[in-house]
Each structure stands twice: as structure tokens, then as C-alpha cells.
Amino acid sequence: MESPWTLGQTFDSSNGQIAWDRLGSGPPVVLLHGTPFSSYVWREVAEALGQDHTVYVWDMPGFGQSQKFDGQDVSLPGQQRVFTELLDHWGLESPAVVAHDIGGAIALRTTLLGGVPFDRLALVDAVAVQPWGSPFYRLVNEGSDVLAALPPQMHEAVVRSYISGATHRELRTEVRETLVEPWLGERGQPAFYRQITQADLRDTDAAEARLDTLAMPVTVIWGAEDAWIPPERAERLARTIPNAELHILRDSGHLVQEDAPARVSALLRSFLGT
């Protein structure tokens, strides 16, 4: 049984209280999770990177251990604003950034539209080029009020099935339940649909148009069996970004951190250096 993943520090952002933590020592690297996940998916990678770096992990507003509330802004621009606030709170002027799924879109918006410099950037099965989002994600995004009104037991079954489809290998029971738990109950269920319905595909257009201006070192890491964002997007992304590295990992799905944590950690440690 693995140790519980608990973020021990908080930050009062403009969009609710944020749970965060740091581990290790050395040059700073910030990890961004995607949806419908949390910093928990980075636990093994964070431990490996902590051998050489100070690793910052956080749960976005409306996700994981961070605050959830009605009317919360969990859009990509809203998450970008909070990420920028956190970087200032941490005193990080040009950190390395590793971003998964919508974390990729947030990181790209932050540097390309917000002008925040990164030392280097790793994009892992990232939301970056159109079209993005799994079929289920797009269904809810288009306004399926029926799903949002599901009885709690049916909602739980939907979330559990959805999360299980993010990996190529079967998730261990305790991992799946940890990922599902934040989306249950009176706060969790509306938060689950809130973060999907606020996702506007147009919020990635401006950053996508500037991908060819990225001057920092960039690596793209992708699961070969990603059913949510196919590897073809990774190839297009790597072709667009000047001098980007591309790594396609066999037998791995969208949640490549769970399917291949050792391989992801090794690639990132090599990319980040010491």
C-alpha cells in the first residue's frame, strides 16, 4: 500500500485556496497536471526528479485537494492566472516546467501569451494543438445537462469508467479510487462537470499560433496508445516547435505517468539535467 499523497501547504489565490507542496533540492521544476486528475499522478515522477531538483506540485483550482465552489473560474485563462500568481508566490523567475494534458495548454498560454519565461518545457500528452479532448469530454463540453444531473451512484460509475480509459494498462484499484474520490459528493460532482463545460477549445488557438516562436528547449513525451489525444498530435506538435525532441512510449496511454513512470522519469531527468 503506497503512502497517501497529501499536499502540505496552501496559497490563497484569486480563485480559491490552492493546495501545493515541494520536495527535493536543486534547480526548480514545476509539474502541472491535467484533467480530470491532480498532482497525485506525478507522485512517482516527482520523487525521481527530487533527487536533482526542487519539485513544485500543486492542484489547480477545482481539482484534487484545492478548493471547489459554485461559480469558480476553472477555464484555461483562469488557471493560467492562478499559475502565474503561484510562480510569483514561490519566487520562481524562470523555472523548468513539465505539463500534462490541459496543464500543457496552461503552460503554453503562460509563456506565449503571458510572457512568463521558462528555462525549458516538457509537454506530456499535452493539450496544445486542435482538435483536443476525448469523445466524452467533448460531449459534456457541448452542454450535456443530463450527465450533470445524474444520480450520485451513476455519476460515480461514469467517472470511474472515464478515468479507467486514460491508461493502456489497468489502473490499480487504490490508484483509480484516489483519482475518482475528489469528484464525488455534493462538491465533487458539480466540480467535475464545471471544469469540462468551461473548457473552450478557442482558448488554445492563440498559443497554438505561436508555437513556432518557442525558443527554449522543449521535449514532447507521448503514450503510443493514447486514445484521448492520439500520437499524431504529438508528431505535429514536435514538427511545429523548433528543435523539439519527440519521445513516443510503447504500451502507454494518455496517463503515461501511470503506465510508464520509470521511463517518463528517466526522460525528464535527462532533459532537465542537474
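Okay, so let's go over this structure. (Residues numbered from 1 in each chain as written. Predicted model: local features only at pLDDT ≥ 70, side-chain atom pairs only at ≥ 80, totals over all residues. Heavy atoms only, no water.)

**Notes on the pairing of strand β2 (residues 16-23)**
In the sheet, strand β1 (residues 9-13) pairs with β2 via five bridges, with the strands oriented antiparallel. When the bridges of β2 are listed, phenylalanine 11 appears paired with isoleucine 18. Counting the residues that bridge the hairpin from β1 to β2 gives two residues. As paired elements, β2 and strand β4 (residues 54-58) share four bridges and run antiparallel to each other. In the sheet register, leucine 23 faces β4, and the bridge partner there is valine 55. (Pairing = 2+ DSSP bridges. Helix = DSSP H or I, 4+ residues; strand = E, 2+ residues; numbered from the N terminus.)

**With respect to helix α6 (residues 152-164)**
Spanning 13 residues, α6 covers 18 Å between terminal C-alpha atoms, matching the ideal 18 Å at 1.5 Å per step. Taken residue by residue, α6 has His155, Val159, Tyr162 and Ile163 as its buried positions. Each buried residue of α6 sits inside an arc of 95 degrees when the element is viewed along its axis, so together they form one side. Among the exposed residues of α6, those oriented more than 90 degrees off its buried face are Gln153 and Ser161. (Expected span 1.5 Å × (residues − 1). Buried < 20%, exposed > 50% of the residue type's maximum accessible area, 1.4 Å probe, protein only. Arc of directions from axis to C-beta.)

**Let's talk about the packing of α6 against helix α8 (residues 185-197)**
Any two packed helices are characterised by the angle at which their axes cross and by the distance between the axes. Orientation of α6 relative to α8, taken along the N-to-C sense of each, is 50 degrees, at an axis distance of 11 Å. Judged by the inter-axis angle, α6 sits oblique to α8. Judged by the sense of rotation from one axis to the other, the crossing of α6 with α8 is left-handed. On the side of α6, the interface is formed by Pro152, His155, Val158, Val159 and Tyr162, while α8 contributes Gln189, Phe192 and Tyr193. Looking at the contact of α6 with α8 residue by residue, the class counts come to six nonpolar, two polar and no charged. (Axes fitted to C-alpha atoms, helices over the stretch in contact; angles between N-to-C directions. Parallel < 35°, antiparallel > 145°, perpendicular 65-115°, else oblique. Left-handed = near helix turned anticlockwise from the far one by under 90°. Contact = heavy atoms within 4.5 Å. Nonpolar A, V, L, I, M, F, W, Y, C, P; charged D, E, K, R; others polar.)

**Considering the pattern of salt bridges**
Scanning all chains against the criterion turns up 13 salt bridges. Residue arginine 176 pairs with glutamate 177 through a salt bridge whose shortest N-O separation is 3.3 Å. Salt-bridge contacts for aspartate 200 lead to arginine 202; the nearest nitrogen and oxygen are separated by 2.9 Å. Judged by its relative accessible area of 25%, aspartate 200 falls in the partly exposed class. (Salt bridge = Lys/Arg side-chain N within 4 Å of Asp/Glu carboxyl O.)

**Digging into the packing of aromatic side chains**
As enumerated under the stated definition, the model contains eleven aromatic pairs in all. Ring centres of phenylalanine 83 and phenylalanine 118 lie 6.4 Å apart, and the angle between their planes is 55 degrees; on these two criteria the pair is classed as tilted. In this pair, phenylalanine 83 is assigned in helix α2 (residues 76-90) and phenylalanine 118 in the loop between α3 (102-113) and β6 (120-126), connecting sequence segments 35 residues apart. When its relative accessible area of 0% is taken as the criterion, phenylalanine 83 is described as buried. The class for phenylalanine 118 is buried, based on a relative accessible area of 5%. Seen in terms of ring centroids, tyrosine 162 and tryptophan 228 are 4.7 Å apart; in terms of plane orientation they differ by 15 degrees. Their pairing is stacked. One end of the pair, tyrosine 162, is in helix α6; the other, tryptophan 228, is in the loop between β7 (218-223) and α10 (231-240), with 66 residues separating them in the sequence. Residues tyrosine 162 and tryptophan 228 agree in their burial class; the two are buried. The side chain of arginine 43 reaches across the aromatic face of tyrosine 40, ending 4.0 Å from its centre. Stacked on the ring of phenylalanine 271, the Lys or Arg arginine 120 has its end atom at 5.4 Å from the ring centre. (Phe/Tyr/Trp six-rings, centres within 6.5 Å; stacked < 30°, edge-to-face > 60°. Lys NZ or Arg CZ within 6 Å of the ring centre and 35° of its normal.)

Function-wise, these values are silent; they only describe arrangement.
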